[in-house]
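Residue-level structural notes
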Amino acid sequence: MEMERPTIDDLRGELAVLQARAARLSQMRSHLHRQIDFGFETSTTREREREVSTERNEIHEQIDSLKKRLRERESA
């Protein structure tokens, strides 16, 4: 069975969801950095900051990939 190709609107919707997730992760990361910068660092804080940063980077890669697909589809 062949999968349906996502529409441009589907891709835009997915992009919006990923961008919202990236924004939330950036807020969490900033909060963790403030805690670390002001001396409230714990091993848990540092570990959580690494997890959030990794997830944020992965989401940004997905966002970049989706933007590329959208550009290709819109110019086709």
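Note: the structure precedes this text.
Read on for a plain summary of the structure. What you see as residue numbers is a count from 1 along each chain, following the sequence as written. Thresholds applied to this predicted model are a pLDDT of at least 70 for local features of residues and 80 or more for the giving and counting of side-chain atom pairs; totals over whole chains, interfaces and linings are not thresholded and use all residues. Excluding hydrogens and water, the side-chain values take into account all heavy atoms of the structure.

Considering the packing of helix α1 (residues 8-37) against helix α2 (residues 43-75)
Only C-alpha atoms enter the line fits that serve as axes; for helices the fit covers just the stretch in contact. Angles between N-to-C directions range over 0 to 180 degrees. Under the scheme used here, helices are H or I runs from DSSP no shorter than 4 residues and strands are E runs no shorter than 2 residues, and both carry numbers assigned from the N terminus. Running from N to C, α1 and α2 cross one another at 155°; their axes reach a closest spacing of 8 Å. In this view, α1 runs roughly antiparallel relative to α2, as classed from their interaxial angle. Two packed elements cross with a definite hand, and for α1 against α2 that hand is left-handed. Its residues assigned to classes, the contact of α1 with α2 comprises 14 nonpolar, eight polar and 13 charged. Note on terminology: angles under 35 degrees are roughly parallel, angles over 145 are roughly antiparallel, angles of 65 to 115 are roughly perpendicular, and the others are oblique. With the far helix as reference, a near helix turned anticlockwise by less than a right angle produces a left-handed crossing, and one turned clockwise produces a right-handed crossing. All residues other than Ala, Val, Leu, Ile, Met, Phe, Trp, Tyr, Cys, Pro, Asp, Glu, Lys and Arg, Gly among them, are scored as polar; the first ten of these are nonpolar and the last four charged.

Some details on the environment of valine 17
Along the chain, the position of valine 17 falls in helix α1. Between the alpha carbons of valine 17 and isoleucine 59 there is a distance of 10 Å; along the sequence they are 42 residues apart.

Observations regarding the side chain of arginine 56
One can find arginine 56 in helix α2. Exposure classes here rest on a 1.4 Å probe applied to the protein chains alone. A residue is buried below 20% of its type maximum, exposed above 50%, and partly exposed in between. Positive charges are assigned to Lys and Arg, negative charges to Asp and Glu, while His and the chain termini are left out of the count. For this analysis, a salt bridge means a side-chain nitrogen from Lys or Arg found within 4 Å of a carboxyl oxygen belonging to Asp or Glu. No salt bridge forms around the buried arginine 56; measuring N to O, its nearest opposite-charge neighbour glutamate 49 is 7.7 Å away. Engagement of the side chain of arginine 56 in a polar contact is seen with the side chain of serine 26, the distance being 2.9 Å. Residues count as neighbours in contact if any of their non-hydrogen atoms are within 4.5 Å of one another. Discounting chain neighbours no more than four positions away, the residues touching arginine 56 are Leu25, Ser26 and Arg29. Polar contact is defined as a pair of N or O atoms within 3.5 Å, subject to the rule that within protein one atom must be able to donate a hydrogen and the other to accept it, and that residues adjacent in sequence are counted only when both atoms are side-chain atoms.

Some remarks on the pattern of salt bridges
Taken as a whole and judged by the stated rule, the model has seven salt bridges. The shortest N-O distance in the salt bridge between glutamate 41 and arginine 46 comes to 3.0 Å. Relative accessible area serves as the criterion here: at 31%, arginine 46 is assigned to the partly exposed category.

A look at the environment of arginine 24
Within the secondary structure, arginine 24 sits in helix α1. Considered as a pair, arginine 24 and valine 52 are 28 residues apart in the sequence and their alpha carbons are 10.0 Å apart.

Details of the environment of arginine 46
Among the structural elements, arginine 46 can be located in helix α2. Considering only alpha carbons, one finds arginine 46 and glycine 13, 33 residues apart in sequence, at a separation of 33 Å. Sequence-distant contacts of arginine 46, that is, excluding residues within four places in its chain, are made with Ile36 and Glu41.

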